[in-house]
Amino acid sequence: MPKSYSDLLREARSTIPEVTPAEVSQLREATPDLALVDVREASEWEQGHLPGATHISKSYLEQQVEGAVPDRAAPVVLYCAGGVRSLFAAQTLREMGYSDVRSMSGGFQAWKTQGLPWKLPASLRPDQKLRYSRHLLIPEVGIEGQAKLLDSKVLLIGAGGLGSPSGLYLAAAGVGTIGIVDFDVVDASNLQRQVVHTSDRIGEKKVESARKTLTALNPDVNVVAHDEMLVADNVDRIIAGYDVILDGTDTFETRYILNDAAVAANIPVVHASVFRFEGQLTVFQPFEGPCYRCLYPTPPPPELAPGCSVAGVLGVVPGILGLLQANEVLKLLLGIGDTLAGRLLLFDALDASFTELKLRRDSACPVCSDEAVEARKAGRSLATTSVGADAPFALGGSWTAPAGVVEEART
Amino acid sequence: MTAVRIPAVLRPAVGGEKEIEIDGATVGEIIEALVGRFPPLRDQLLAGDGELNRFVNVYVNGQDVRYLDGLGTKVEARDEVRLLPAMAGG
């Protein structure tokens, strides 16, 4: 016997439990693993949706739901605009073996009318959808993640061996604002590894050269040039407002100044350093993992720690380490994966080997310990007392490199 | 004998070797034996008071000895000891 639409609707109502928007709101609080699926068309979803919902158009439900909700026993609530399509969609899920499926009565309209929270989905321009299409295909990134990257601010300390490859890939990835701190000019000896610069820009300011390359690669990126040397007097001003800092300098002085300011400002620093065929890489996530001073409480004397300009470096080593830094930056911005916080990754190009060492927070750290935080709040600094008078870069200290060392080592 | 991994920064002090096999029951004994054999290493590794310099970390099987027993950390023959000074190059 043929069935009418009302017959089908009646059947669906009799088999699928319905929940009101208020009940869904409570259910979400009480059931963290609740799968909330919006079965409307894409054009409706783009006008606004429930926070935390997954969008699967009813026409794609059978094809896509197993990817979004793999567990047949998981509690699922479906909604549409008015509560009818979601009832029929729920029947389909029942047929597929989902055991706990409900439909939200009144749909998104009722949800909005009752003043419950909803959000507009992130949106990209058509040209951005094309440019970032390979990111959009990854569930962990998607439109939301890409919009987050476009809204992010990353500061590169140095447009050199590490900053060049990381800057290129972060710009390509669509990190919306890339700040670059560098006071140097492009030198012919930089071009063996500093791939953001070009032969015809020798003598040009590195920040300007980098800006040209990065904006030519991706015009979405706003490059902020800080054409100055990072010092204790300007570090707080320069790093303010950035989400993540990528440390690609090659002097200890800058690394300690940056560490102390970044911990105080609670900004994560993705750290790398290179020497000949070797590199070290980690993430300093303030108060969650160790900081640079936990790892190395004091810098070595300059004669025991030659920089790249003295010791040399195989060009690909900062290339590899710089891209690993960019990878950590993207994970931090997207909030995905496990960062290297608390782990030091060593790379040896000759062995083609990676080694991982465990790092810990130093409970007596003069910068990130509880005691140091209290001291900072009270307007004093612990560093000079806890590190000892021999610490050249103690907070507020006045250490300066022997003449020529900083200049010479900076590449 | 325990294998001690020598990073590039320190390699000139040990004749370019990447790994030195050396005897010692503790980290302290191994460091003493190393600086005995390669005197230029002493300034790199040890401060005036005989403690490790704060800019050099020593790891035994991936763990920082500062959080084990420091120079007193026991070392077995098959353990891997790694010296790791700070480096700044970028």
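All chains use their own residue numbering, which begins from 1 and follows the written sequence. Here chains are named by letter from A upward and ligands by number from 1 upward, in the order in which they appear as written. The model is predicted, so local features are restricted to residues of pLDDT at least 70 and side-chain atom pairs to those at 80 or more, both for listing and for counting; the totals for chains, interfaces and linings are taken over all residues.

### A word on the overall build of chain A
Numbered from the N terminus, helices here are DSSP runs of H or I no shorter than four residues, and strands are runs of E no shorter than two. Helix and strand content of chain A: 19 helices and 13 strands. Overall size of chain A, expressed as C-alpha extent along the three principal axes, is 95 × 50 × 40 Å. Note that contacts rest on C-beta atoms placed from the backbone: two residues are in contact if these are within 7 Å. Counting only contacts in chain A whose residues sit at least 6 apart along the sequence, the fraction spanning at least 24 positions is 65%.

### Structural notes on the overall build of chain B
For chain B, the helix and strand inventory stands at 2 helices and 5 strands. Of the regular secondary structure in chain B, the N- to C-terminal order runs β-β-α-α-β-β-β. Its C-alpha radius of gyration of 12 Å places chain B within 12% of the 12 Å reference for a compact globule of 90 residues. A principal-axis box enclosing the C-alpha atoms of chain B has dimensions of 30 × 25 × 25 Å. The buried share among the 90 residues of chain B stands at 39%. This radius of gyration counts C-alpha atoms alone. The globule rule is 2.2 Å times how many residues there are, raised to the power 0.38. A residue is called partly exposed when the number of other C-beta atoms within 10 Å of its own lies between 12 and 20, exposed at 12 or fewer, and buried at 20 or more, with C-beta atoms placed from the backbone.

### Some remarks on the interface of chain A and chain B
Residue-level contacts link 32 residues of chain A with 17 residues of chain B. Those elements giving two or more residues to the side of chain A that touches chain B turn out to be helix H13 (252–265), strand E10 (269–275), strand E11 (278–284) and strand E13 (353–358) of chain A. We call Asp, Glu, Lys and Arg charged. Ala, Val, Leu, Ile, Met, Phe, Trp, Tyr, Cys and Pro are nonpolar, and the rest, Gly among them, are polar. A breakdown of the residues in the side of chain A that touches chain B according to their chemical character gives 15 nonpolar, 10 polar and 7 charged.

### Here we look at the environment of Arg 66 of chain B
By the element assignment, Arg 66 of chain B lies in the loop between strand E4 (63–64) and strand E5 (80–85). Along the backbone, Arg 66 of chain B and Leu 52 of chain B are 14 residues apart, and their C-alpha atoms lie at a distance of 9.6 Å.

### Focus on the sheet that holds strand E4 (residues 76–79) of chain A
Residue and element names in this part refer to chain A. Pairing between strands is defined by DSSP: at least two bridges between the two strands are required. The parallel open sheet is built from 5 strands, whose spatial order is E1-E5-E4-E2-E3. Looking at the sheet topology across the chains shown, the edges are occupied by strand E1 (18–19) and strand E3 (54–55). Lines fitted to the C-alpha atoms define the axes, with helices restricted to the stretch that makes contact. Angles between their N-to-C directions range from 0 to 180 degrees. In the packing of helix H5 (residues 85–95) onto the sheet, the strands contacted are E4 and strand E5 (101–104), and the crossing angle to E5 comes to about 175°.

### With respect to the nonpolar core
The tendency in soluble globular proteins is for nonpolar side chains to be buried as a group. Residue and element names in this part refer to chain A. Val 154, Ile 178, Val 244, Ile 245 and Val 329 are the most contacted members of the largest nonpolar core, which has 96 residues in total. Per-element accounting of this core gives the leading share, 9 residues, to helix H16 (residues 316–334). Look past the residues within four positions of Val 329 in its chain and what remains in contact with it is Val 154, Leu 170, Val 244, Leu 246 and Val 270. A set of buried residues qualifies as a nonpolar core if it consists of Ala, Val, Leu, Ile, Met, Phe, Trp, Tyr and Cys joined through C-beta atoms within 7 Å. Listed in part, the 25 residues of the second largest apolar core include Ala 35, Val 39, Tyr 79 and Leu 93.

### Considerations on the pairing of strand E8 (residues 222–226) of chain A
All names here are of chain A. Pairing between strand E7 (residues 177–181) and E8: 5 bridges, direction parallel. Following the sheet pairing, Val 181 is matched in E8 by His 226. A right-handed crossover is one whose linking path, passing over the helix from the first strand to the second, runs clockwise when the strands point away from the viewer. Regarding topology, helix H11 (residues 206–217) serves as the crossover connection from E7 to the parallel E8, and that connection is right-handed.

### Regarding the packing of helix H10 (residues 163–172) of chain A against H16 of chain A
All names here are of chain A. As a packed pair, H10 and H16 sit with axes 7 Å apart at the nearest point and diverge in direction by 40°. By the angle between their directions, the pair H10 and H16 is classed as oblique. Considering the relative orientation of H10 and H16, their crossing is right-handed. Only Gly 319, Gly 322, Leu 323, Gln 325, Ala 326 and Val 329 of H16 make contact with H10, whose side of the interface consists of Gly 163, Ser 164, Pro 165, Ser 166, Tyr 169 and Leu 170. Among the residues making up the contact of H10 with H16, the classes are represented as 6 nonpolar, 6 polar and no charged. The cut-offs work like this: below 35 degrees is roughly parallel, past 145 is roughly antiparallel, 65 to 115 is roughly perpendicular, and the gaps in between are oblique. Handedness of a helix crossing follows the sense of rotation of the near helix relative to the far helix, less than a right angle counterclockwise being left-handed and clockwise being right-handed.

### Observations regarding the confidence of the model for chain B
Residue and element names in this part refer to chain B. pLDDT is a residue-level measure of predictor confidence that goes from 0 to 100. Put simply, chain B has an average pLDDT of 93, and 100% of its residues get 70 or more. Per-element confidence in chain B is highest for helix H1 (residues 27–37), whose mean pLDDT is 96, and lowest for helix H2 (residues 41–45), whose mean pLDDT is 90. ipTM for the predicted complex: 0.92, alongside a pTM of 0.82.

### A short note on unusual backbone geometry
Residues and elements named next belong to chain A. In the Ramachandran plot, Asn 266 falls in the positive-phi region, its phi being about 55° despite a non-glycine side chain. Topologically, Asn 266 is positioned in the loop between H13 and E10. Although it is not a glycine, Arg 276 sits at a positive phi angle of roughly 55°. Within the element layout of this structure, Arg 276 appears in the loop between E10 and E11. Under the C-beta neighbour-count criterion, Arg 276 is labelled buried, with 21 such atoms within 10 Å.

### Looking at the packing of H10 of chain A against H11 of chain A
Residues and elements named next belong to chain A. Axis separation between H10 and H11 bottoms out at 9 Å; the angle between their running directions is 30°. Judged by the inter-axis angle, H10 sits roughly parallel to H11. In this structure, H10 meets H11 at a crossing whose hand is right-handed. Here Gly 167, Leu 168, Ala 171 and Ala 172 of H10 come into contact with H11, specifically with Ala 210, Leu 214 and Leu 217. Taken together, the residues of the contact of H10 with H11 break down into 6 nonpolar, 1 polar and no charged.

### With respect to the pairing of strand E1 (residues 2–5) of chain B
Residues and elements named next belong to chain B. Where burial is concerned, the two faces of E1 differ: the one with Thr 2 and Val 4 is buried and the one with Ala 3 and Arg 5 is not. Note that E1 and strand E2 (residues 19–22) share 4 bridges and pair antiparallel. By the bridge assignment for E2, Val 4 is matched with Ile 20. Bridge analysis of E1 against E5 gives 3 bridges, and the strand direction is parallel. Residue pairing across strands places Val 4 opposite Val 81, the latter belonging to E5.

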